[in-house]
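The primary structure of each chain is shown beneath.
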Amino acid sequence: MNDNNNKVKIFLVDDDALFLKSLEIEFMENADFTVETYSTGELCIANLSNNPDVIILDYQLDGIVANAMNGLETLDKVKAFNPEIPVVMLSSQDKIEVAINCMHHKAFDYVVKSETAFVRLQKIITAIFKYQKMEKELNWYMDRM
């Protein structure tokens, strides 16, 4: 069994509780990850000292708390904390300007919430690990590609 230090740690940040839970289950079932879930950007930022390897962050993030930080503000704060942390943005909108906005704010990639979102995330996370040549092992259990 891997020790926890060698497990990939993913932060999932989304104010849609159902989507958050289903994404968490997908990650837990498909790979040997440590997953931490947060319903607000504020909570994500407060826990950055837990050293996530990857953050998957909702673009909207205003569903629960009025005046909550949105995804881009959260992204900026993550990058201010540590510019090396790869952040993948999620959005329910398939709009090119949203994607461009995310890239301007140094997101690693942008995924539209859909049936295929998890497979897209799987591919992106694999790419992040190749790109960063991380020490940690990335073991996908199910090969759905």
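Residues numbered from 1 in each chain as written. Predicted model: local features only at pLDDT ≥ 70, side-chain atom pairs only at ≥ 80, totals over all residues. Heavy atoms only, no water.

Participant: Explanation requested: the UniProt feature "modified residue: 4-aspartylphosphate" (unreviewed entry) in the protein in the structure shown.
Facilitator: If you check UniProt for "modified residue: 4-aspartylphosphate" (unreviewed entry), the listed places come out as Asp 58 in our numbering. Mapping Asp 58 onto the fold places it in strand 3 (residues 54-58). Relative accessible area serves as the criterion here: at 2%, Asp 58 is assigned to the buried category. Leaving out residues up to four positions away in the same chain, Asp 58 has contacts with Val 13, Asp 14, Asp 15, Gly 71, Met 89, Leu 90 and Lys 113. (UniProt positions renumbered as here; feature names shortened; annotations may be inferred. Helix = DSSP H or I, 4+ residues; strand = E, 2+ residues; numbered from the N terminus. Buried < 20%, exposed > 50% of the residue type's maximum accessible area, 1.4 Å probe, protein only. Contact = heavy atoms within 4.5 Å.)

Participant: Is there a simple way to explain the environment of Glu 42 in this structure?
Facilitator: Within the secondary structure, Glu 42 is located in helix 2 (residues 41-46). Judged by relative accessible area, Glu 42 falls into the partly exposed class, the value being 34%. Along the primary structure Glu 42 and Met 69 are separated by 27 residues, whereas in three dimensions their C-alpha atoms are 6.8 Å apart. Those residues within four positions of Glu 42 in sequence are excluded, and the remaining contacts are Ala 68 and Met 69.

Participant: What am I meant to see in the nonpolar core here?
Facilitator: Burial of nonpolar side chains together is a common tendency in soluble globular proteins. By size, the foremost hydrophobic cluster in this structure holds 22 residues, and its most contacted members are Leu 23, Phe 27 and Ile 56. Ranked by residue count, the leading element in this core is helix 5 (residues 117-132), at 7 residues. Excluding residues that lie within four positions of it along the chain, Phe 27 makes contacts with Ile 10, Leu 12, Phe 33, Val 35, Ile 56, Phe 118, Leu 121, Ile 125 and Trp 140. Within the second largest apolar cluster, 20 residues are counted, among which are Leu 72, Met 89, Cys 102 and Tyr 110. (Core = buried A, V, L, I, M, F, W, Y, C linked by side-chain atoms within 4.5 Å.)

Participant: I tried to follow the pairing of strand 4 (residues 87-91) on my own but got confused; where do I start?
Facilitator: Two faces make up the sheet, and in a regular strand the side chains alternate between them. Counting buried residues along strand 4, 5 of its 5 residues qualify, which places the element largely inside the surrounding structure. Examined bridge by bridge, strand 3 and strand 4 share 4 bridges and lie parallel to one another. Paired with Asp 58 across the two strands is Leu 90, which belongs to strand 4. The sheet contact formed by strand 4 and strand 5 (residues 109-112) spans 4 bridges and is parallel. (Pairing = 2+ DSSP bridges.)

Participant: Even after reading the chapter, I still don't get the environment of Pro 83, so can you show me in this structure?
Facilitator: Assignment of secondary structure puts Pro 83 in the loop between helix 3 (71-81) and strand 4. In this structure the C-alpha to C-alpha distance between Pro 83 and Leu 121, which are 38 residues apart in sequence, comes to 20 Å.

Participant: What's the story with the packing of aromatic side chains in this structure? I'm lost.
Facilitator: Each aromatic ring pair is described using two quantities: the centre-to-centre distance and the angle formed by the ring planes. All chains considered together, the criterion is met by 6 aromatic pairs. With 5.0 Å between their ring centres and 65 degrees between their planes, Phe 11 and Tyr 38 make a pair best called edge-to-face. Placement of Phe 11 in strand 1 (residues 8-13) and of Tyr 38 in strand 2 (residues 33-38) is noted, with a sequence separation of 27 residues between them. Each member of the pair, Phe 11 together with Tyr 38, is buried. A ring pair is formed by Phe 27 and Phe 118, whose centres lie 5.0 Å apart and whose planes are at 75 degrees; its orientation type is edge-to-face. Remark: Phe 118 occurs in helix 5 and Phe 27 occurs in helix 1 (residues 17-30); sequence separation between them is 91 residues. Each member of the pair, Phe 27 together with Phe 118, is buried. Pairwise contacts between aromatic rings join Phe 27, Phe 33, Phe 118 and Trp 140 into one cluster. Just above the ring of Phe 19 sits the side chain of Lys 113; from NZ or CZ to the centre is 4.7 Å. (Phe/Tyr/Trp six-rings, centres within 6.5 Å; stacked < 30°, edge-to-face > 60°. Lys NZ or Arg CZ within 6 Å of the ring centre and 35° of its normal.)

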